[in-house]
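These are the residues of each chain, in order.
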Amino acid sequence: MAGGDYHVAKRWAVEKGLGFGQLPLFKDPDIQTAWSKWVDMKVLEQQVATARGGTWKEWTAVWSAYFRPLLAKAMVGQASVDETMKAGAAKWEEYRAAMGQN
């Protein structure tokens, strides 16, 4: 999975669309070709470049159990992205208010 050429991570990304943590793979032409069929690679690269860790909270697992079914509906077109994100954000804020600001 690691160690220079990232052969396994690259193969899984190209063949199955599996995500990866090896940032150099974003520049790989095979991955760019494969993923460009379903994602805007420039936007994804920008999101990865500006992403930051540290969002784990005590209630993240509870929120995630709520949000995953919403996300699944959005992915199959049963809900809009806007509806899904607003519902997820509202629930996050609800849990934060109930369980603390940490």
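Fair warning: this is a prediction, and the values are worked out from it, not measured in the lab.

### A few points about the packing of aromatic side chains
Now for step 1: Counted according to the given criterion, the structure contains six aromatic pairs.
Now for step 2: For the ring pair phenylalanine 20 and tryptophan 35, a centre distance of 5.1 Å and an interplane angle of 40 degrees mean the geometry is tilted. Pair noted here: phenylalanine 20 is in the loop between helix H1 (7-16) and helix H2 (29-35) and tryptophan 35 is in helix H2, with a separation of 15 residues, a long-range link.
Now for step 3: Residue phenylalanine 20 is classed as buried on the basis of its relative accessible area, which comes to 15%.
Now for step 4: Note on tryptophan 63 and tryptophan 92: the rings are 5.5 Å apart at their centroids and 90 degrees apart in plane angle, and the pair reads as edge-to-face. In this pair, tryptophan 63 is assigned in helix H4 (residues 60-75) and tryptophan 92 in helix H5 (residues 81-99), connecting sequence segments 29 residues apart.

### Some points on the confidence of the model for the chain
Now for step 1: In this model, the chain carries an average pLDDT of 89, and 95% of its residues clear a pLDDT of 70 or more.
Now for step 2: The least confident element of the chain is helix H3 (residues 41-50), whose mean pLDDT is 90; the most confident is H2, at 95.

What counts, and at which threshold
Residues numbered from 1 in each chain as written. Predicted model: local features only at pLDDT ≥ 70, side-chain atom pairs only at ≥ 80, totals over all residues. Heavy atoms only, no water. Phe/Tyr/Trp six-rings, centres within 6.5 Å; stacked < 30°, edge-to-face > 60°. Helix = DSSP H or I, 4+ residues; strand = E, 2+ residues; numbered from the N terminus. Buried < 20%, exposed > 50% of the residue type's maximum accessible area, 1.4 Å probe, protein only. pLDDT = per-residue confidence, 0-100.

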